[in-house]
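Each chain, letter by letter, is given below.
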Amino acid sequence: MMNNTKKPLNLKRVTILTSIIILLPIFYGLAVYNELPAQIAIHWGVNNQPNGWASRPMAVFGIPVLMMLIQWFMLGTYAINARTKGRTYRMEVVTFSIMPILTIVLYVTTLAIAMGMKLNVGKIATLVIGVMFVAMGNYLPTVTYEQQVGSRHYPKPSSAQNWAVASRSIGYTMFFGGLLMLISLLFPMLVSAIVVAVIIILIVLFSIRGAMRHDN
């Protein structure tokens, strides 16, 4: 795990840059707009069959805007907490990259499928999430107790010592769990779903243990 020594990001610039990146796929949507059906699948089950749809305008314009609003909410919440809790450069880079990456990959995938391309959405989502888990797991231990205590993460470790133990455990779980997710791409989607379920259960258990653990 790496030390957190670089200067924190300029949040205003991050907001502008990530918003532009999130909205950029709309140009692709405009380029293929007339080739898209009136109703576009935007959600798929584990069996790679669509089970949720949106109108063409909503899929092309609404989804990127919604993702941008979520990004703004994340940045705003982080900025408020950072005023008193401090900041961590590497975790900022990873966290603020999630929504732009998800938007570009899933937006292009969604429209490509709508135009008849045969793609496995579950595999693509597993690949993206697996890479993100590896990145977040690597940098989570660089977040200090003071920085995480103002977050919306529950249950919370009761002390800096407990957070150090919990963050390492959760970090290793996410890192190696992410690697297992990437390996699971070689197998049926059920395997990936089981891996994700195990990762989530372990993260919850480590969080609870961190909250209940008493300092020696």
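Residues numbered from 1 in each chain as written. Predicted model: local features only at pLDDT ≥ 70, side-chain atom pairs only at ≥ 80, totals over all residues. Heavy atoms only, no water.

Trainee: Even after reading the chapter, I still don't get the nonpolar core, so can you show me in this structure?
Mentor: What tends to happen in soluble globular proteins is that the nonpolar side chains get buried as a cluster. With 21 residues, the main nonpolar core has M91, L102, M136, L140 and M174 as its most contacted residues. Ignoring anything within four residues of it in the chain, the contact list for L140 reads M91, W163, S167, I170, G171 and M174. One finds I40, A59, V60 and Y107 within the second-largest nonpolar core, a separate group that totals eight residues. (Core = buried A, V, L, I, M, F, W, Y, C linked by side-chain atoms within 4.5 Å. Buried < 20%, exposed > 50% of the residue type's maximum accessible area, 1.4 Å probe, protein only. Contact = heavy atoms within 4.5 Å.)

Trainee: Explanation requested: the pairing of strand β1 (residues 39-44) in the structure shown.
Mentor: Every regular strand shows the same layout, with side chains that alternate between the two sheet faces. In the sheet, β1 pairs with strand β2 (residues 50-55) via five bridges, with the strands oriented antiparallel. Residue pairing in the sheet places A41 in a bridge with W53 of β2. In sequence, β1 turns back onto β2 through a hairpin of five residues, with N48 there showing a positive phi of about 65°. (Pairing = 2+ DSSP bridges. Helix = DSSP H or I, 4+ residues; strand = E, 2+ residues; numbered from the N terminus.)

Trainee: Got a minute to help me understand helix α5 (residues 121-139) in this structure?
Mentor: An α-helical turn contains 3.6 residues, so a residue and the one three or four places further along point in the same direction. Its 19 residues give α5 an end-to-end C-alpha distance of 27 Å, which sits within 8% of 27 Å, the value for a rise of 1.5 Å per residue. By the N-cap criterion, in which a side-chain oxygen at the helix start approaches the backbone nitrogen of a residue two or three places on, α5 is capped by N120, the distance to G122 being 3.1 Å. (Expected span 1.5 Å × (residues − 1). Polar contact = N/O pair within 3.5 Å; in protein donor to acceptor, adjacent residues only side chain to side chain.)

Trainee: Where do I start with helix α1 (residues 11-23) in this structure?
Mentor: Between its first and last C-alpha atoms α1 spans 18 Å; for 13 residues at 1.5 Å apiece the expected length is 18 Å, and the two agree. Restricting attention to buried positions, one finds in α1 the residues L11, V14, T18, S19 and I22. When α1 is viewed along its axis, its buried side chains cluster within an angular range of 125° and face the same direction. Set apart from the buried face of α1 by more than 90 degrees, the exposed residues are K12, R13, I16 and L17. With a side-chain oxygen lying 3.1 Å from the backbone nitrogen of K12, the N-terminal cap of α1 falls on N10. (Arc of directions from axis to C-beta.)

By themselves, these figures tell us nothing about what the structure is for.
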